[in-house]
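So the chains spell out like this:
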Amino acid sequence: MSKTSENIQSLRKAGMTQTEIAKQSGVPQCRISRWEKGDVPKAADDALKLADLARRMAITAPAGQGMAHA
């Protein structure tokens, strides 16, 4: 199972509907439905990996030294 599908399943187990997930995430409900069923493009999981890295870098960066811009 992809990380995207796992995240949706976790949100659903927490009691959220697909519509609530869609509204709060800005992702169309029809896409949430496809992803929940496992039809997730690789790019979606790749984007999650980049977002996770960005969060970790923001947390571990020394004060005043945010992420460098290219």
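The structure under discussion appears in the preceding block.
All of the points below concern the structure found in this document. Keep in mind that what you see is a predicted model, and the values were worked out from it rather than measured. Residue positions are counted from 1 within each chain, in the order its sequence is given. A pLDDT threshold of at least 70 governs which residues receive local features in this predicted model, and a stricter bar of 80 or more applies before side-chain atom pairs are shown or counted, although totals over entire chains, interfaces and linings include all residues. Think of the side-chain values as coming from all heavy atoms in the structure, minus any hydrogens and water.

Let us look at the overall build of the protein chain. In terms of regular secondary structure, the protein chain is built from four helices and zero strands. Classification of the 70 residues of the protein chain by burial places 23% in the buried group. Summing over all exposed atoms, the protein chain offers an accessible surface of approximately 5300 Å²; the carbon and sulfur share of this is 57%. In this text, helices come from DSSP runs of H or I with a minimum length of four residues, and strands from runs of E with a minimum of two, each type numbered from the N-terminal end. Only protein chains enter the area calculation, which uses a 1.4 Å probe; residues under 20% of their type maximum are buried, those over 50% are exposed, and those in between are partly exposed. Note on areas: these come from Shrake-Rupley sampling with a 1.4 Å probe, and a residue is covered only by the protein chains present in the view.

Looking now at the layout of surface pockets. Grid points spaced at 1 Å and placed over the protein atoms alone form the basis of the search, with a cavity being a set where a 1.4 Å probe fits but cannot get out and a pocket an open set showing protein on both sides within 12 Å along at least five of seven lines. Lining residues have an atom within 4 Å of a point. Grid points are joined across faces, edges and corners, and a volume is the space filled by probe spheres set on the points. By volume, the largest pocket is sized at about 240 Å³. Asn7, Ile8, Ser25, Val27 and Trp35 are the residues nearest the centre of the largest pocket, which is lined by 14 residues in total. When contributions to the lining of the largest pocket are tallied by element, the ones reaching two or more residues are α1 (3-13), α2 (18-25), α3 (29-36) and α4 (42-60). Polar here means any residue outside two lists: the nonpolar Ala, Val, Leu, Ile, Met, Phe, Trp, Tyr, Cys and Pro, and the charged Asp, Glu, Lys and Arg; Gly therefore counts as polar. Residue classes in the lining of the largest pocket are distributed as 10 nonpolar, four polar and no charged.

Inspection of the secondary structure assignment puts Ser2 in the segment before α1. In sequence terms Ser2 and Pro41 are 39 residues apart; their C-alpha atoms lie 9.4 Å from each other. For this analysis, residues touch if any pair of their heavy atoms sits within 4.5 Å. Beyond its immediate stretch of four places on either side in the chain, Ser2 contacts Val40 and Asp45.

Moving on, we get to the nonpolar core. Formed by Ile8, Met16, Ile21, Ala22, Val27, Ile32, Trp35, Val40 and Ala44, the largest nonpolar core amounts to nine residues. Residue assignment for this core shows that the elements contributing at least two residues are α2 and α3. Apart from residues no more than four positions distant in its own chain, Val40 is found in contact with Ser2, Thr4, Ser5, Trp35 and Asp45. Only buried residues count toward a nonpolar core, which is a set of Ala, Val, Leu, Ile, Met, Phe, Trp, Tyr and Cys residues joined through side-chain atoms within 4.5 Å.

A word on the packing of α1 against α4. Where α1 meets α4, the closest approach of the two axes is 8 Å, and the angle between their N-to-C directions is 75°. Our classification of the angle between α1 and α4 gives roughly perpendicular. Only Ala44, Asp45 and Leu48 of α4 make contact with α1, whose side of the interface consists of Lys3, Thr4 and Asn7. When its residues are assigned to classes, the contact of α1 with α4 shows two nonpolar, two polar and two charged. Fitting a line to C-alpha atoms yields each axis, with helices limited to the stretch in contact; the angle taken between N-to-C directions then spans 0 to 180 degrees. In this scheme, roughly parallel covers angles under 35 degrees and roughly antiparallel covers those over 145, while 65 to 115 is roughly perpendicular and the rest are oblique.

Every α-helical turn comprises 3.6 residues, leaving residues that sit three or four positions apart pointing alike. Listed in full, the buried residues belonging to α1 are Thr4, Ser5 and Ile8. In a view along the axis of α1, the buried residues occupy a sector of 95°, so they form one face of it. The inward-facing, buried residues of α1 contact α2, α3 and α4. Following α1 by one or two positions, Gly15 adopts a phi angle in the positive range, close to 105°. The arc under discussion is defined with respect to the helix axis, by the directions toward the C-beta atoms.

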